[in-house]
Amino acid sequence: MVIDQYILESKGAIVVEYFANDLIFIEDEIIRYYYQIIEGKVKLNNYTNDGKEILQNNIDEGQSFGEYLLFLDKARSPVNAVAITNCKILKLPKSAFLKLLQEYPHLGLDINNSISEHIHFRNIIDKSGSQRSSHKLIALLDHLKSKQPDKAPFSFMVPLTRQEMANLTGLCVETTIKTIKKMEKDNLLKIVNRKIYY
DNA sequence: TCATTAAAGTTAT
DNA sequence: ATAACTTTAATGA
């Protein structure tokens, strides 16, 4: 989801700078802004009781995050938003954001689309039961690649560490590594000096 | 099949 | 150098 910066600023958005590892908002906070990254990377995460990180999503330059919380009245954030790198982020107050949506109805559709996509992604990954680790990883890779223009096999360099892939899928790193190796043997992906191509 | 533990190798800061 | 990430292997649920 991306909204033009000038439109956002004309509605009162301000630019805020964060340093790597800064918390932008945290678990249990009530979200009062629409956030859109101008520069940098952000992650949404939370932690299990025993301290394992669950990565909900990595947000790249140009993308927004946490929008869905603005449609819920009293909901508290289930996730932390953490700057991965130094960031410049546009913040638009909730009320102005909602007004903006009335003014530009097609934005509502775009937002529905990006929110739905993410829910779909999570549902596929989280389907436990009969799921194999390879299915989760394939779901993750398909999801990432679906945002890319180039659909050719092995054309997509996966911009994630194995650690991050593990945290996104809920698998442990070792399983992730082993499964990826196996997938390479099965010609589902390629590895060129540790980078994964899908 | 996968998590966990441990130990060692590799890469990035 | 030191931390962060990757890999291999053994063990157990």
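Look up a bit, the structure's there.
Quick caveat: nothing in here was measured; it's all calculated off a predicted structure. (Residues numbered from 1 in each chain as written. Chains lettered and ligands numbered in written order. Predicted model: local features only at pLDDT ≥ 70, side-chain atom pairs only at ≥ 80, totals over all residues. Heavy atoms only, no water.)

Looking at this structure, I do not really get the overall build of chain A. What am I missing?
When helices and strands are counted, chain A shows six helices and 10 strands. Its C-alpha atoms give chain A a radius of gyration of 18 Å, near enough to 16 Å, the size a compact globule of 198 residues would have. Projected onto its principal axes, the C-alpha coordinates of chain A cover approximately 55 × 40 × 30 Å. Counting the 198 residues in chain A, one finds 38% classified as buried. Excluding contacts between residues fewer than 6 apart, the proportion of contacts in chain A whose partners are at least 24 apart in sequence is 71%. Of the roughly 11,300 Å² of accessible surface on chain A, a fraction of 52% belongs to carbon and sulfur atoms. Treating the 26 positive side-chain charges of chain A as one cloud and the 24 negative ones as another, the clouds have centres 6 Å apart. (Helix = DSSP H or I, 4+ residues; strand = E, 2+ residues; numbered from the N terminus. Rg over C-alpha atoms; globule rule 2.2 N^0.38 Å. Buried < 20%, exposed > 50% of the residue type's maximum accessible area, 1.4 Å probe, protein only. Contact = heavy atoms within 4.5 Å. Areas by Shrake-Rupley, 256 points an atom, 1.4 Å probe, with all protein chains shown as cover. Lys, Arg positive; Asp, Glu negative; His and termini not counted. Charge placed at Lys NZ, Arg CZ, Asp CG, Glu CD.)

Help me understand the protein's contact with DNA strand C, please; the structure alone is not making it clear to me.
Every residue lining DNA strand C is accounted for by Thr161, Arg162, Gln163, Glu174, Ile177, Lys181 and Arg194. When the atoms of DNA strand C within 4 Å of the protein are sorted by group, sugar and phosphate make up 78%. Within the contact set of DNA strand C, a phosphate oxygen lies 3.1 Å away from a side-chain nitrogen or oxygen of arginine 162. The backbone of glutamine 163 places a nitrogen or oxygen atom 2.9 Å from a phosphate oxygen of DNA strand C. Those elements that place two or more of their residues in the surface near DNA strand C are helix H5 (162-169) and helix H6 (173-185). Tallying contributions element by element places H6 first for the surface near DNA strand C, with three residues. Tallied by class, residues from the surface near DNA strand C come to one nonpolar, two polar and four charged. (Near = heavy atom within 4 Å. Polar contact = N/O pair within 3.5 Å; in protein donor to acceptor, adjacent residues only side chain to side chain. Nonpolar A, V, L, I, M, F, W, Y, C, P; charged D, E, K, R; others polar.)

Before we go on, may I ask you to explain helix H4 (residues 133-146) in this structure?
Given 3.6 residues per turn, any residue in an α-helix points the same way as the ones three and four places further on. Compared with the 20 Å implied by 1.5 Å per residue over 14 residues, the 20 Å span of H4 between its first and last C-alpha is a close match. Taken as a whole, H4 has its buried residues at Lys136, Leu137, Ala139, Leu140, Leu141, His143, Leu144 and Lys145. Looking at the packing, one finds that the buried side of H4 touches helix H3 (105-126), H5 and H6. (Expected span 1.5 Å × (residues − 1).)

Would you explain the sheet that holds strand S3 (residues 33-39) in this entry?
Think of a sheet as strands paired side by side through backbone hydrogen bonds, with each pair either parallel or antiparallel. The antiparallel open sheet is built from four strands, whose spatial order is S1-S8-S3-S6. The sheet is open, and its two borders are formed by strand S1 (14-18) and strand S6 (64-65), each paired with just one other strand. For S1 and strand S8 (residues 87-93), the ladder comprises five bridges, and the chain directions are antiparallel. Opposite valine 15, over in S8, you have leucine 90 as the bridge partner. Strand contacts of helix H2 (residues 94-103): S3 and S8, with the helix running at about 75° to S8, the strand carrying the most contacts. (Pairing = 2+ DSSP bridges. Axes fitted to C-alpha atoms, helices over the stretch in contact; angles between N-to-C directions.)

Looking at this structure, how should I read H6?
Between its first and last C-alpha, H6 extends 19 Å over 13 residues, near the 18 Å set by a 1.5 Å rise per residue. By the burial criterion, the buried members of H6 are Thr176, Thr179, Ile180 and Met183. Down the axis of H6, the buried set is contained in an arc of 100°. They therefore lie on one face. Exposed and facing more than 90 degrees away from the buried side of H6 are Glu174, Lys178, Lys182 and Lys185. Looking one or two residues past H6, asparagine 187 carries a phi angle of roughly 65°, positive in sign. (Arc of directions from axis to C-beta.)

What am I meant to see in the packing of aromatic side chains here?
Geometry of an aromatic ring pair is reported as the spacing of the ring centres plus the angle between the planes. For the coordinates displayed, the defined rule picks out six aromatic pairs. Both rings, one in phenylalanine 25 and one in tyrosine 35, keep their centres 5.4 Å apart while their planes meet at 50°; by these two values the pair is tilted. Of this pair, phenylalanine 25 sits in strand S2 (residues 23-25) while tyrosine 35 sits in strand S3; the two residues are 10 residues apart in sequence, bridging distant segments of the chain. Arranged with centres 6.2 Å apart and planes meeting at 65°, the rings of tyrosine 33 and tyrosine 35 form a pair that is edge-to-face. (Phe/Tyr/Trp six-rings, centres within 6.5 Å; stacked < 30°, edge-to-face > 60°.)

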